[in-house]
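Below are the chains, spelled out letter by letter.
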Amino acid sequence: MQTTIAQKAQFRGVGLHSGAAVRLAILPAPAGHGIVFARTDLGGVRIPARWDHVTPSQLCTLLDNGAGATVSTVEHVMAALAGTGINNALVEVNGPEVPILDGSSEPFVRGIMEAGIRRQPESELRAIRVLRTVEVHHGQGFARLTPSDRLEIHFDIDFTDAAIGHQEKRLDMANGSFVHELMDSRTFCRQADVVQMQQNGLALGGTYLNAVVIDGDKVLSPGGLRHSDEAVRHKMLDAMGDLALAGAPLLARYTGHRAGHAMTNKLLRALFAAPDAWEWVTVTPSMQDHLPGAGVVAEMGAVFDPAHHLAVA
């Protein structure tokens, strides 16, 4: 069955690139609604959270309703919604950018879990099953989808900076893996890139507290890394959010090598341009056990453990 958030969850912060103060709320929505953003500062104009509403943007995922309304940096809240198994929600935001919060999905996951998750038993959940390999390339990078009975993510990155270097990780996204393994991993960047971005009017809301900033072999952010491989985990978090723009749960194995937001969207466009590469399937109870939200405790007052991870069933 489909799910929605049980009650409103609210967040305040600043936009990573704009630096502007912003408020965001996740509200319940009826079955079949999907995830939709609403710009409250524009009278509630709506922007569907779908792959075909993504428009090219620097360093983030930007949605456009085709009539001039946009919302950017949606990947972390989209990952949180997918990782907790939310199928339907209205995401209200009072500006053109989602708040960065701590640079990860953890604050969004906490808010969702505290609000609770409501099953919608009158509804049937459908998923997108990948039937054959689809792959896209750009420079030395590629992104690929191959058939699987669940969502799996395999990512590797290779940076010259010693603080990152080569990192690789694979995860089956069922059984609360997003909550346990990925949700608290923060966006990262080089110190030199911060200066350049700010000179170009970007990252105006960036601080050492909402991003992992590195300089060669040094981690400049207070407290250092949350995981030794936090960088690749964050890339997987981004991929989770960008794949959620498929509009329904994906049954596929995603492989990303030096991939990013634009390449993952290019991959979804290639998938949906090939009718023989995918099909709709009705999710059975056994299939639902393999979806990313399966296993996550979704009750009011969910308890957090000392490591700041949510309990799972």
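The paragraphs below set out a description of the structure included in this document. Quantities reported herein were computed from a predicted structural model and do not represent experimental measurements.

Let's talk about the sheet that holds strand β4 (residues 35-39)
Item 1. Taking strand neighbours across the sheet as the criterion, the five strands line up as β2-β3-β9-β4-β5 in an open arrangement whose pairing is mixed. The outermost strands of the open sheet, each flanked by one partner alone, are β2 (9-14) and β5 (45-48). The average undirected angle you get between the axes of adjacent strands in this sheet is 25°.
Item 2. Relative to strand β3 (residues 21-27), β2 runs antiparallel, the two being bridged by six bridges.

Overview of the nonpolar core
Item 1. With 77 residues, the main nonpolar core has Phe37, Leu81 and Tyr254 as its most contacted residues.
Item 2. No other element matches the seven residues that helix α5 (residues 230-243) contributes to this core.
Item 3. Aside from chain neighbours lying at most four places away, what touches leucine 81 is Ile26, Ile35, Ile86, Ala89, Val91 and Ile112.
Item 4. Core analysis: the second largest hydrophobic core is formed by seven residues, Leu125, Ala127, Val283 and Leu291 among them.

Examining empty space enclosed by the protein
Item 1. Evaluated as defined, the whole model comprises one cavity of 30 Å³ or more.
Item 2. What the largest cavity holds in volume is close to 80 Å³.
Item 3. Lining of the largest cavity is provided by 14 residues; of these, Ile164, Val212, Leu225, Glu230 and Ala231 occupy positions nearest its centre.
Item 4. For the lining of the largest cavity, the elements supplying multiple residues, two or more each, are β17 (212-215) and α5.
Item 5. Considered class by class, the residues forming the lining of the largest cavity number eight nonpolar, three polar and three charged.

Here we look at the pattern of salt bridges
Item 1. Applying the stated criterion across every chain, the model contains 19 salt bridges.
Item 2. Arginine 258 serves as the salt-bridge partner of aspartate 158, at 3.7 Å between the closest nitrogen and oxygen. Residue aspartate 158 is found in strand β14 (residues 152-158), and its partner arginine 258 is found in the loop between β19 (250-257) and α6 (261-272); the two are separated by 100 residues along the sequence.
Item 3. On the basis of relative accessible area, aspartate 158 is assigned to the partly exposed category, the value being 39%.
Item 4. Arginine 258 gets classed as partly exposed once you look at its relative accessible area, which sits at 36%.
Item 5. Among the charged side chains, a network of salt bridges with common partners joins Asp102, Glu106, Arg110 and Arg226.

Re the packing of helix α1 (residues 75-83) against α5
How two helices sit against one another is set out by the angle between their axes and by the gap between those axes.
Item 1. α5 packs onto α1 with a crossing angle of 80° between their chain directions and a minimal axis gap of 7 Å. As the angle between them shows, α1 and α5 are arranged roughly perpendicular. Taken together, the residues of α5 that come into contact with α1 (itself represented by Glu75, His76, Met78, Ala79, Ala82 and Gly83) are His234, Leu237, Asp238, Met240, Gly241 and Asp242.
Item 2. Its residues placed into classes, the contact of α1 with α5 shows five nonpolar, four polar and three charged.

Calculation criteria
- Residues numbered from 1 in each chain as written.
- Predicted model: local features only at pLDDT ≥ 70, side-chain atom pairs only at ≥ 80, totals over all residues.
- Heavy atoms only, no water.
- Pairing = 2+ DSSP bridges.
- Helix = DSSP H or I, 4+ residues; strand = E, 2+ residues; numbered from the N terminus.
- Axes fitted to C-alpha atoms, helices over the stretch in contact; angles between N-to-C directions.
- Core = buried A, V, L, I, M, F, W, Y, C linked by side-chain atoms within 4.5 Å.
- Buried < 20%, exposed > 50% of the residue type's maximum accessible area, 1.4 Å probe, protein only.
- Contact = heavy atoms within 4.5 Å.
- 1 Å grid on protein atoms, 1.4 Å probe; cavity = no way out; pocket = protein on both sides within 12 Å on 5 of 7 lines; lining within 4 Å.
- Points joined across faces, edges and corners; volume = space filled by probe spheres on them.
- Nonpolar A, V, L, I, M, F, W, Y, C, P; charged D, E, K, R; others polar.
- Salt bridge = Lys/Arg side-chain N within 4 Å of Asp/Glu carboxyl O.
- Parallel < 35°, antiparallel > 145°, perpendicular 65-115°, else oblique.

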